[in-house]
Amino acid sequence: MAKIVLAAGASVAIYKACDLASKLAQAGHSVRAVLTPRAAQLVNPQLFEAVTGEPASVDEFGPARRGAMDHIELAKWAELLLVAPASAGLIARLAHGQADDLASTLALALPANRPRLLAPAMNPTMLDARPVQRNLALLREDGWLVLEPAVGHTACGDDGKGRLPEPAELVAAVARALRL
Ligand SMILES: Cc1cc2nc3c(=O)[nH]c(=O)nc-3n(C[C@H](O)[C@H](O)[C@H](O)COP(=O)(O)O)c2cc1C
């Protein structure tokens, strides 16, 4: 079993990420959630703490920090990084090394030999958009395992490809990446 950082972007699919965090923890993994600031506007990080029993983070700045550097500490702690759901915005920051929040900064600090998985989740037209496809291609080149979005009815009302895969499938993908 592994130490996993679960980074979540501001996608409507974040409701599934809580279940994912819970299922990863039930499978015996230690799971620390990192939400982007926008993601934390959709879901309270405390929910992730409740299902994982580990601290969840959004920001590494502020008076409570007392000199700690979460982006380094979390990147050293993680044996695997799973970005789910990966919004178009978070994908762009990861693809371009734009380290302007905790999730995108810790991805840069993650040692090269650690598996990094990413599960895009967005409206089908957004997923098809050339900038998003370009950014996903860059991430694959950089060694990211980009998990295939599911096809079906999306929360925005459109049908097509762009749904976050079911949590059980993501747990299985993590197990494969860890060769468990
Ligand atoms: C309710 C709601 C749901 C959203 N769902 C998605 C989504 O599924 N995928 C996506 O890429 N953007 C989605 N967005 C837009 C992103 O939240 C927006 O681009 C945001 O800036 C991304 O923040 P992040 O890069 O920190 O994830 C949604 C916005 C709202 C308000």
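Not measured: the values here are computed from a predicted model. The residue numbers shown here count from 1 along each chain, following its written sequence. Where local features are concerned, this predicted model is filtered to residues with pLDDT of at least 70; where side-chain atom pairs are given and counted, the filter is 80 or more; whole-chain, interface and lining totals use all residues. Only heavy atoms go into the side-chain values, all of them from the structure, while hydrogens and water stay out.

Caption draft 1: Molecular detail of the overall build of the protein chain. Strands here mean DSSP runs of E at least two residues long; helices mean DSSP runs of H or I at least four residues long; both are numbered from the N terminus. If you tally the helices and strands in the protein chain, you get nine helices and seven strands. Taken over the C-alpha trace, the protein chain has a radius of gyration of 15 Å; the compact-globule value for 180 residues is 16 Å, and the two agree within 12%. Split into buried and exposed, the 180 residues of the protein chain put 49% on the buried side. Positive charges are assigned to Lys and Arg, negative charges to Asp and Glu, while His and the chain termini are left out of the count. For the purpose of locating charges, the reference atoms are NZ of Lys, CZ of Arg, CG of Asp and CD of Glu. Treating the 18 positive side-chain charges of the protein chain as one cloud and the 18 negative ones as another, the clouds have centres 3 Å apart. Only C-alpha atoms enter the radius of gyration; for comparison, a globular chain is expected to reach 2.2 Å times N to the power 0.38, where N is the number of residues. The buried label applies to any residue whose accessible area, calculated with a 1.4 Å probe on protein chains only, is under 20% of its type's maximum; exposed applies above 50%, and partly exposed to all values in between.

Caption draft 2: Main features of helix α5 (residues 88-96). Along α5, the positions that sit buried rather than exposed are A88, L90, I91, R93, L94 and A95. The contact criterion used throughout is that any non-hydrogen atoms of two residues lie within 4.5 Å. Where α5 is buried, its residues touch β1 (3-8), β3 (80-86), α6 (102-109), β4 (116-120), α7 (124-128) and α8 (130-141).

Caption draft 3: The sheet that holds β1, seen in detail. Two strands form a pair only when DSSP identifies at least two bridges running between them. Ordered by their spatial adjacency, five strands build an open sheet running β2-β1-β3-β4-β5, and the pairing between neighbours is parallel. Edge strands, defined here as strands with exactly one partner in the open sheet, are β2 (30-35) and β5 (145-146).

Caption draft 4: The arrangement of the nonpolar core in detail. Among buried residues, those of type Ala, Val, Leu, Ile, Met, Phe, Trp, Tyr and Cys that are joined through side-chain atoms within 4.5 Å constitute a nonpolar core. Counting 30 residues, the largest nonpolar core has L6, I14, L20, L24, F48, L82 and A84 as its most contacted members. Breaking this core down by element, the ones donating at least two residues are β1, α1 (14-26), β2, β3, β4 and α9 (167-177). Looking at this core, the element that brings in the most residues is α1, giving six residues. Excluding its chain neighbours within four sequence positions, the residues that come into contact with L20 are L6, L82, A84, P167, L170 and V171. In this structure, A86, I91, A95 and A103 belong to the second largest nonpolar core, which totals 27 residues.

Caption draft 5: Spatial organisation of the environment of L74. Residue position: L74 is located in helix α4 (residues 70-77). With 65 residues separating them in the primary sequence, L74 and G9 have C-alpha atoms 17 Å apart. Setting aside anything within four residues of it in sequence, one finds L74 in contact with V5, R32, V34, S57, L102 and L106.

Caption draft 6: Quick peek at the site of the ligand. As a matter of local geometry, the ligand sits amid 15 residues, with A10, S11, T36, S87 and R93 nearest to it. Contact distances for the ligand include 2.8 Å between a nitrogen atom and a backbone N or O atom of A121. Per-residue and other accessible areas follow the Shrake-Rupley method at a 1.4 Å probe size, with only the shown protein chains counted as cover for residues. Protein contacts shield 63% of the accessible area of the ligand, which totals 640 Å² for the unbound molecule. For the shell around the ligand, the leading source of residues is α5, giving four residues. Here the term charged refers only to Asp, Glu, Lys and Arg, the term nonpolar to Ala, Val, Leu, Ile, Met, Phe, Trp, Tyr, Cys and Pro, and the term polar to all other amino acids, Gly among them. Split into classes, the residues belonging to the shell around the ligand amount to eight nonpolar, five polar and two charged. Working definition: residue near molecule or strand if any one of its non-hydrogen atoms lies within 4 Å of it. Polar contact is defined as a pair of N or O atoms within 3.5 Å, subject to the rule that within protein one atom must be able to donate a hydrogen and the other to accept it, and that residues adjacent in sequence are counted only when both atoms are side-chain atoms.

Caption draft 7: Broad picture of the pairing of β1. Within β1, five of the six residues are buried, leaving the element largely enclosed by the surrounding structure. One ladder, built from six bridges, connects β1 with β2; its direction is parallel. Bridge assignment links K3 to a residue of β2, and that residue is S30. Handedness is read with the strands pointing away from the viewer; a crossover is right-handed when the path from the first strand over the helix to the second is clockwise. Viewed along the sheet, the connection from β1 through α1 into β2 turns out right-handed. Judged from the four bridges that link them, β1 and β3 form a sheet pairing that is parallel.

Caption draft 8: Inspection of the pairing of β4 at higher detail. Counting buried positions over the five residues of β4 gives five, a clear majority of the element. Burial of the side chains of β4 extends over both faces: R116, L118 and P120 are buried on one face and L117 and A119 on the other. Where β3 meets β4, four bridges bridge the pair, whose relative direction is parallel. Its bridge partner being in β4, L82 is matched across the sheet by L117. Sheet topology places β4 next to β5; two bridges connect them, and they run parallel. Of the residues in β5, the one forming a bridge with L118 is V146.

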